[in-house]
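Commentary on secondary and tertiary structure
Here's the letter readout for the chains.
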Amino acid sequence: MINCLVVDDEPIARKGLLEYIREVDYLHPVGECKTAMECANFLQKGKIDLLFLDIQMPKLTGIEFLKALAQPPFVIFTSAYSEYALESFELDVLDYLLKPISFPRFLKATEKARNYLQTPEKALSVSGDIFFIKCNGKIEKIVVADVIYIEGMANYVVIHAKSKKYLTYLTFHGIEEQLPNDMFIRIHKSYLVALSAVQSIDGAILNIEGKALPISKNYRNEVMNKIELRMFKR
């Protein structure tokens, strides 16, 4: 069962989504919120698997709210405006539903969520210099050497490779354990990076393929030692 929370400042929109949720046997509505701040409090109280998040809300938009969350659940954006679609997908949301939302379109989005949430941890299969993951309803082959960094979320990870990003339902600890220890290093509770892609370190910031990632104080010594060891081996 997928625990769902609806966040929208419009009562009619909340009511419509809750009715849709109740029609789907694998979805369970756990509540509704009128604002992003109400949602923040709700997320601290219990496990939410899937967030139906409106974009245009007073004081704090859905996009601003999602950017502020350290460990967000899966998110499906809802909006009456299409112009936010590109920015929203850069935040790795599952889907973007345009209002008025039809039930078939709603069902398609929730099937995508079910696919991710019901993927077992053993779906990660590492074999030599490649590994396989379940992503967006199919099995994807990823070359280990192509991985730049991996970002951990609440229920899933985002694998940033040279050619594209992959969103898959795996624990951060699970993927870290199976990837080669001499090729990757943990720099933060949410980031695992490929040593070969590291370009520079500036204080507590690691620059990797044009992306600046934070180095946690807890991992700094290990990061520096591993990078220095790699330099001496060259």
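Residues numbered from 1 in each chain as written. Predicted model: local features only at pLDDT ≥ 70, side-chain atom pairs only at ≥ 80, totals over all residues. Heavy atoms only, no water.

Below, the discussion takes up helix α1 (residues 11-23). Taking 1.5 Å of rise per residue, the 13 residues of α1 would be expected to cover 18 Å, and the 19 Å separating its terminal C-alpha atoms lies within 8% of that figure. Every buried residue of α1 is accounted for by Ala13, Arg14, Leu17, Leu18 and Ile21. For α1, the buried positions fall inside an angular range of 130 degrees around the axis, keeping them on one side. Along α1, exposed side chains directed more than 90 degrees from the buried face belong to Pro11, Ile12, Lys15, Arg22 and Glu23. Those residues of α1 hidden inside the fold are in contact with β1 (2-7), β2 (27-33), β3 (50-54), β4 (74-79) and α5 (103-117). (Helix = DSSP H or I, 4+ residues; strand = E, 2+ residues; numbered from the N terminus. Expected span 1.5 Å × (residues − 1). Buried < 20%, exposed > 50% of the residue type's maximum accessible area, 1.4 Å probe, protein only. Arc of directions from axis to C-beta. Contact = heavy atoms within 4.5 Å.)

Here the focus is the packing of aromatic side chains. The full count for this structure, using the stated rule, is 6 aromatic pairs. With a centroid separation of 5.4 Å and 20 degrees between ring planes, the pair formed by phenylalanine 52 and phenylalanine 106 is classed as stacked. With phenylalanine 52 in strand β3 and phenylalanine 106 in helix α5, this pair connects stretches of sequence that are 54 residues apart. Comparing phenylalanine 52 with phenylalanine 106 shows no difference in burial state: the two are buried. Joined through ring pairs, the aromatic side chains of Tyr20, Phe52, Phe103 and Phe106 make up one cluster. (Phe/Tyr/Trp six-rings, centres within 6.5 Å; stacked < 30°, edge-to-face > 60°.)

Moving on: the pairing of strand β7 (residues 130-135). Residues of β7 alternate between two faces, with Phe131, Ile133 and Cys135 buried on one and Ile130, Phe132 and Lys134 left unburied on the opposite face. As paired strands, β7 and strand β8 (residues 138-143) are joined by 6 bridges and run antiparallel to one another. The residue of β8 that forms the bridge with lysine 134 is isoleucine 139. (Pairing = 2+ DSSP bridges.)

The subject of this paragraph is the sheet that holds β2. Taken in spatial order, the 5 strands make up an open sheet running β2-β1-β3-β4-β5, and their pairing is parallel. With one partner strand each, in any of the chains shown, β2 and β5 (95-98) form the two edges of the open sheet. Going across the sheet, the axis of each strand differs from the next one's by a mean of 20 degrees, ignoring polarity. Relative to the sheet, α1 contacts β1, β2, β3 and β4, its axis offset from that of β2 by approximately 165 degrees. Along the sheet, helix α2 (residues 36-45) makes contact with β1, β2 and β3, crossing β2 at roughly 130 degrees. (Axes fitted to C-alpha atoms, helices over the stretch in contact; angles between N-to-C directions.)

If you trace the 3 strands from one edge of the open sheet to the other, you get β14-β15-β16, paired in antiparallel fashion. One side of each edge strand has no neighbouring strand; the edge strands of this open sheet are β14 (198-202) and β16 (211-214). Strand-to-strand twist of the sheet, defined as the mean angle between neighbouring strand axes without regard to direction, takes the value 25 degrees. Relative to β16, strand β15 (residues 205-208) is paired through 4 bridges, and the arrangement is antiparallel.

Let us now look at the confidence of the model for the chain. When pLDDT is averaged along the chain, the result is 87, and 92% of the positions lie at 70 or above. Averaged pLDDT values for the elements of the chain fall to 64 in strand β6 (residues 125-127) and rise to 97 in α1. (pLDDT = per-residue confidence, 0-100.)

We now examine the nonpolar core. Counting residues in each nonpolar core, the largest one holds 57 residues, and the members touching the most others are Leu50, Phe52, Phe106, Phe131, Ile150 and Ile159. Counting residues per element, this core draws most heavily on α5, at 5 residues. The contact partners of leucine 50, leaving out residues within four places of it in the chain, are Ile2, Asn3, Cys4, Leu5, Pro73, Phe74, Val75, Ile76, Leu94 and Ala113. Counting 19 residues, the second-largest nonpolar core is a separate cluster that includes Val7, Ala40, Ile48 and Val75. (Core = buried A, V, L, I, M, F, W, Y, C linked by side-chain atoms within 4.5 Å.)

Bringing the pairing of β4 into the picture now. Most of β4 is tucked away, with 6 of its 6 residues classed as buried. Burial along β4 is two-sided: Phe74, Ile76 and Thr78 and Val75, Phe77 and Ser79, pointing in opposite directions, are all buried. Pairing of β3 with β4, which is carried by 5 bridges, proceeds in the parallel orientation. What sits directly across from leucine 53, in β4, is phenylalanine 77. Bridging between β4 and β5 involves 4 bridges; their strand directions are parallel. Within β5, the residue paired with isoleucine 76 across the bridge is aspartate 95.

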